[in-house]
Amino acid sequence: MPVPPHARGYASFGGSAGRTSAESTPDWTYPPTAPAGAPNIVVVLVDDMGYSDIGPFGSEIETPTLDRLAARGVRLSNYHTTPLCSPSRAALLTGINSHRAGFGFVANADPGYPGLRLELADDVLTLPEILRGNGYATYAVGKWHLVRDATMNPSAHRDSWPTQRGFDRYYGSLEGLNSFYYPNQLVSDSSVVDVEEYPQGYYLTDDLTDKALSYIKDLRAHDAEKPFFLYFAHVAMHGPLQAKAEDQAKYRGRYDQGWDELRRRRFAEQLAQGLFPPGTEQKPRNTEPGYEAAEWDSLSADEQRRYAKYMEVYAGMVDSIDQSLGRIVDLLDDLGELDNTIIVFTSDNGGTAEGGPEGTRSYFAEFAHVDDPDWVGDVPHDEDLIGTAKLGVHYPRGWGQASNTPFRFYKGQTFAGGVRVPLVVSWPKGLPRTDTDSGIRHEYAYVTDLAPTLLELAGLDRPSVRNGLPAKDFDGISAAELLRDQTAPTRHTEQYSEMTGHRGFYRDGWKLLSLHDSDADIDAPNWQLFDVRADPTELHDLSAQYPDKAAELAAAWDESAWANTVFPLLTRADLFRRRPEEARFAAPVRLLPGTPTLERYRSQRLIAYRDFTITADLTGTHQRPVQGFQPGDEGVLVAHGDPLGGYVLYVEDGEVVLGVNSYGRYTSVGVPLPVGTREITVRATVEPRLRWDFTIQVDGTPLAELTDQVQLVGMAPWTGISVGVDARGPVSWDLRERRGPFRYTGSLRAITYTPGPVQVPQRTIDAVEREAEYAAE
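Just so we're clear, the structure is a prediction, and the values are computed from it rather than from any experiment. (Residues numbered from 1 in each chain as written. Predicted model: local features only at pLDDT ≥ 70, side-chain atom pairs only at ≥ 80, totals over all residues. Heavy atoms only, no water.)

Looking at the overall build of the protein
Our working definition: The way it works is that DSSP assigns letters per residue, a run of H or I at least four long becomes a helix, a run of E at least two long becomes a strand, and they are numbered from the N terminus. Restricting the calculation to C-alpha atoms gives the radius of gyration, and the globule rule supplies 2.2 Å times the number of residues raised to the power 0.38. Burial classification: accessible surface area is computed with a 1.4 Å probe over protein chains only, and a residue below 20% of its type maximum counts as buried, one above 50% as exposed, and the rest as partly exposed. Whether two residues touch is decided by their heavy atoms; if any such pair falls within 4.5 Å, the residues are in contact. To be clear on the numbers: accessible area is Shrake-Rupley with a 1.4 Å probe, and residue cover counts the displayed protein chains and nothing else. Residues scored as positive are Lys and Arg, those scored as negative are Asp and Glu, and His as well as the terminal groups of each chain are ignored. Every charge is mapped onto a representative atom, which is NZ of Lys, CZ of Arg, CG of Asp or CD of Glu.
Secondary structure assignment for the protein yields 16 helices and 29 strands. Taking 2.2 N^0.38 as the reference for a compact globule, 777 residues should give roughly 28 Å; the C-alpha atoms of the protein span a radius of gyration of 28 Å, in line with that estimate. Seen through its C-alpha atoms, the protein measures out along the principal axes to roughly 90 × 80 × 50 Å. Expressed as a percentage of its 777 residues, the buried residues of the protein come to 62%. The long-range fraction of contacts in the protein, counting pairs at least 24 apart against all pairs at least 6 apart in sequence, stands at 73%. Carbon and sulfur atoms provide 49% of the accessible area of the protein, an area that totals close to 28,600 Å². For the protein, the centre of its 75 positive side-chain charges and the centre of its 110 negative side-chain charges are spaced 4 Å apart.

Below you can see the structure in the form of structure tokens.
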């Protein structure tokens, strides 16, 4: 019996439908399935780790898992990425040049131009979306950094969050960095994890690894054959540098000879491994102002001892990453799937200079120096705290240059030190090594090549449409042939780069580079030309010798810049412009007890560079009004921050106490609290040299002061505002050890923040710009 024409719900039905099942034929639709034997894919992306920090690229750090994978796989010695975090992640996950994907910078700005959209657009397909459409399970853990900081809060849209961009499951941090002991905010799928106190012994890398393993085990418990894509984006090695005691201990004393000797040894090992041709020269120590690294032997014994400790921590973190990968490899081995899993290991950019020439006790404090170089007492008081949860340190940039051995400069610049990083690929079933294959590929490859390469290796197609829109084409070119055949030439023959005015253009072995001086015209590059086939470390400028080649590549850079929406080039002040509606983040807000911890950026806008007032209303609720503070009431009224910086207001033993943590240096003041107190007010007043003066008022009467306190800037406080408890990381170590999160037991009706206008004195303009520059990197 035919279906009547008005029965529209049957139009796409593949069976037949009569009036009863006896007259009908069933039919089912199925989601896409992967081709038989399709490989699993694991991409491990490390943050801010330079070229020489793992064993297969010359390091002394113990990386047995990577050594094992490299021995069976392929190393790309000439692989390049972008100079900063978010752009590299966008390029890796989309196969599209970072500006064209909307990420010409990190997701901590919003200047309002196409190449700086700082969220993935609707016509940009991601690798997990493509893989899921081909029948893969897709999982991500770790750092995301593809969400503008203004859209990390629960009220914002989630269009660029991981589970909206192709991942079935996600666990990690949307931020560009985090504490390894007290992450400020973790997200599971599309919701913030409600954590009041992290368990003893918590370490972020271990937590992320546990979650990755659980995803794989869960899949295999339900489906023995479905391939998976795991994107493991480590928060390490980004500052602050924090390592477990046992991992630090393995490297005690190993760096006492300093960074000059370390660079010499690593380069010798790189030459011995065949990563560079004989005759390659290593860059002498960087000497350019703002990038220079001191000669190790010129340092005092105290400086050498302290600086060596920083590197011990860094090495312990790299070791921890290898341990993490080892756990994943062991699970794949146990499942019998290791040989048919493509494993990619790489870094998002080179080692960093963010710790300055001397290293820093606070990753955040380094962002905002003014005319007083010791404005927060930046040298650690107790060197035993370096690398622990109590400080957010970063190493001196001499170790950053060692990380980037044998190249020039650091993360953030387009020279090789910023963009040339290790890449290891292992797939025993699909890329078997022969006895005549060295396992090293010297041909050029770029981060956008990874997505098309993985799809070709897995035999998968890429759709041409996303959400009804024509999807942007890949800019990357598959390097599958290069991986399979060590004699194959690269198909990626030219590539532009740009970051905060630093420029680069590669074509057929020639590389044109410009290091931008922040005081110079951003559109007036000082080009240098290198033949990187003969001079891979970019030491010998040939621009005067070959002016026509320099002009040719400069014109090619300009053409590529227009094609990839690089223009307009922005000064730092313009780069950090925010959309006008973000002004609402600085409007007064009333927070009720039980409100989940506010997101970091939202919280910071209430206090950054401004006077502000915090009012604690102790009159209970409308249902249970009280007469204010009563004997025995105690606990935290409000806390904002963690060990890396913040402030806390609490009641204990009949006193109200204000504690301020200035990037790890804690100061407090307390006064007796009269019974019946209905309102406690803290007023912060901006003073010169980025300081605050604090006043505590009780029912309108000033009773105590805490003056000359360093303002918390440069993304501090890191943990957001908690009401009635000091959640997550403690502002005061002593208080946490004595009382735990210390929930308030009295009747707290609300906490109200009343921000004043932004006040940035002229003398701190340079400091603010420095904060912006570093915080973004």
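Quick word on the sheet that holds strand β17 (residues 510-514)
Defined as follows: Two strands make a pair as long as DSSP finds a minimum of two bridges between them. Here an axis means a line fitted to C-alpha atoms, over the contact stretch when the element is a helix, while the angle between two N-to-C directions is reported on a 0 to 180 degree scale.
Read from one edge to the other, the open sheet built from four strands follows the order β15-β16-β17-β18, with strand pairing classed as antiparallel. Looking at which strands have only one partner, the edges of the open sheet turn out to be β15 (494-499) and β18 (528-531). Strand-to-strand twist in this sheet, taken as the mean axis angle between neighbours without regard to direction, amounts to 15°. Note: β15 against strand β16 (residues 502-507), six bridges, orientation antiparallel. Within the sheet, the bridge partner assigned to Ser497 lies in β16 and is Gly504.

Topic: the environment of Arg462
Definition in use: Any N or O atom pair separated by 3.5 Å or less is treated as a polar contact, with the protein-specific requirement of one donor-capable and one acceptor-capable atom, and with residues adjacent in sequence counted only for side-chain atom pairs.
Following the sequence through the fold, Arg462 ends up in the loop between α10 (450-458) and β13 (465-466). With relative accessibility at 22%, the residue Arg462 sits in the partly exposed group. Look past the residues within four positions of Arg462 in its chain and what remains in contact with it is Leu125, Ile130, Leu455, Ala471, Lys472, Asp473 and Phe474. In terms of polar contacts, Arg462 uses its side chain to reach the backbone carbonyl oxygen of Lys472, at 2.2 Å.

Observations regarding the pattern of salt bridges
Applicable threshold: Any Lys or Arg side-chain nitrogen found within 4 Å of a carboxyl oxygen on Asp or Glu counts as a salt bridge.
Here the structure, examined in full by the defined rule, presents 51 salt bridges. Close ionic contact of Asp149 with Arg578 constitutes a salt bridge, the shortest N to O distance being 2.6 Å. Of this pair, Asp149 sits in the loop between β4 (137-143) and β5 (169-173) while Arg578 sits in the loop between α13 (572-575) and β19 (589-591), placing them 429 residues apart in sequence. Relative accessible area serves as the criterion here: at 24%, Arg578 is assigned to the partly exposed category. Notably, a salt bridge pairs Arg743 with Glu196, separated by 2.7 Å at the nearest N-O pair.

Concerning the side chain of His640
Its place among the elements puts His640 in strand β21 (residues 635-642). A polar contact is formed between the side chain of His640 and the side chain of Tyr647, at a distance of 2.7 Å. Contact partners of His640, with chain neighbours within four places excluded, come to Ser603, Gln604, Ile607, Gly645, Gly646, Tyr647, Pro717, Thr719, Gly720, Ile721, Val731 and Tyr753.

Details of the packing of helix α1 (residues 64-72) against helix α7 (residues 301-334)
Counted only if it meets this: Any angle that is under 35 degrees is reported as roughly parallel, and any over 145 degrees as roughly antiparallel; angles of 65 to 115 degrees are reported as roughly perpendicular and all others as oblique.
Relative to each other, α1 and α7 sit at 55°, their axes nearing to 8 Å. It follows that α1 is oblique to α7 by the angle criterion. Contacts between α1 and α7 involve Pro64, Thr65, Leu66, Arg68 and Leu69 from the former and Asp322, Leu325, Gly326, Val329, Asp330 and Asp333 from the latter.

Looking at the nonpolar core
Selection criterion: Buried residues of nine kinds, namely Ala, Val, Leu, Ile, Met, Phe, Trp, Tyr and Cys, make up a nonpolar core once their side-chain atoms join them within 4.5 Å.
In terms of nonpolar packing, the biggest core is built from 78 residues, with Phe105, Tyr136, Trp144, Phe229 and Tyr231 touching the most fellow members. Looking at this core element by element, the count peaks at six residues for α10. Setting aside chain neighbours within four positions, we find Tyr231 in contact with Val43, Leu45, Arg89, Leu92, Leu93, Tyr139, Ala140, Val141, Trp144 and Phe167.

Focus on the pairing of strand β10 (residues 423-426)
Burial along β10 is two-sided: the residues Leu423 and Val425 and Val424 and Ser426 are all buried. Pairing of strand β2 (residues 74-76) with β10, which is carried by two bridges, proceeds in the antiparallel orientation. Note on β10: the bridge partner recorded for Arg75 is Val424. The pairing of strand β9 (residues 341-347) with β10 spans four bridges and is antiparallel. From the neighbouring strand, Thr346 faces β10, where its bridge partner is Leu423.

Overview of the sheet that holds β19
Read across the open sheet, the six strands follow the order β19-β29-β20-β25-β26-β27; overall the sheet is antiparallel. A single partner strand is all that each edge strand has here, and the edge strands are β19 and β27 (701-710). Put simply, the sheet's adjacent strands are angled 15° from each other on average, direction ignored. In the sheet, β19 pairs with strand β29 (residues 750-758) via three bridges, with the strands oriented antiparallel. Within β29, the residue paired with Val589 across the bridge is Tyr753.

Description of the packing of helix α4 (residues 204-222) against α7
Put simply, the rule is: Crossings are classed by handedness, with left-handed meaning an anticlockwise turn of the near helix from the far one by less than a right angle and right-handed meaning a clockwise turn. Residue polarity is assigned by list, with Asp, Glu, Lys and Arg as charged and Ala, Val, Leu, Ile, Met, Phe, Trp, Tyr, Cys and Pro as nonpolar; anything else, Gly included, falls into the polar class.
Contact pair α4 / α7: the axes reach a minimum separation of 10 Å and the direction vectors enclose 15°. The angle between α4 and α7 places the two elements in the roughly parallel class. Here the hand of the crossing between α4 and α7 comes out right-handed. Of the residues in α7, those touching α4 at Thr205, Asp206, Thr209, Asp210, Leu213, Ile216 and Lys217 are Ser320, Ser324, Arg327, Ile328 and Leu331. Grouping the amino acids of the contact of α4 with α7 by side-chain chemistry returns four nonpolar, four polar and four charged.

Quick notes on α7
We apply this condition: Helix span, expected: 1.5 Å multiplied by one less than the number of residues in the helix.
For α7, built from 34 residues, the straight-helix expectation of 50 Å at 1.5 Å per residue is met to within 8% by its first-to-last C-alpha distance of 49 Å. In terms of burial, α7 is a largely internal element, 24 of the 34 residues being buried. Phi turns positive, to about 75°, at Gly336, one or two residues after α7.

Some remarks on the packing of aromatic side chains
Definition in use: Ring pairs are drawn from Phe, Tyr and Trp, using the six-membered ring of Trp, whenever the two centres fall within 6.5 Å, and their geometry is named by plane angle: stacked under 30 degrees, edge-to-face over 60, tilted for the rest.
Going through the model one piece at a time under the given rule, you end up with 39 aromatic pairs. Here Tyr198 and Tyr202 contribute two aromatic rings whose centre-to-centre distance is 4.8 Å and whose plane-to-plane angle is 40°, an arrangement assigned as tilted. For the pair Tyr198 and Tyr202, one class covers both residues: buried. Ring plane angle 90° and centroid distance 5.8 Å describe the contact between Trp557 and Phe567, whose orientation is recorded as edge-to-face. With a gap of ten residues between them, Trp557 in helix α12 (residues 547-563) and Phe567 in the loop between α12 and α13 connect regions that are remote in the sequence.

Some words on helix α6 (residues 258-273)
Each α-helix winds once per 3.6 residues, and so residues spaced three or four apart point in a common direction. An ideal rise of 1.5 Å per residue puts 22 Å on 16 residues; α6 measures up with 23 Å between its terminal C-alpha atoms. Of the positions making up α6, those classed as buried are Gly258, Trp259, Leu262, Arg263, Arg266, Phe267 and Gln270. Directly beyond the C-terminal end of α6, a positive phi value near 85° is found at Gly274.

Looking at the confidence of the model for the protein
Quick reminder of the rule: Note: pLDDT gives the predictor's confidence per residue, expressed from 0 to 100.
Counting all residues, the mean pLDDT for the protein is 93, and 95% of those residues have values of 70 or more. This model gives residues 765-777 a pLDDT under 50, and the stretch forms 34 contacts once residues within four places in sequence are excluded.

Quick word on the side chain of Lys283
Structurally, the position occupied by Lys283 is in the loop between α6 and α7. Glu288 provides the closest opposite charge to the buried, salt-bridge-free Lys283, at an N-O distance of 4.5 Å. At 3.2 Å, the side chain of Lys283 forms a polar contact with the backbone oxygen of Arg285. Every residue in contact with Lys283, bar those within four places of it in the chain, is listed here: Arg263, Glu288, Gln401, Pro406, Phe407, Arg408 and Leu539.

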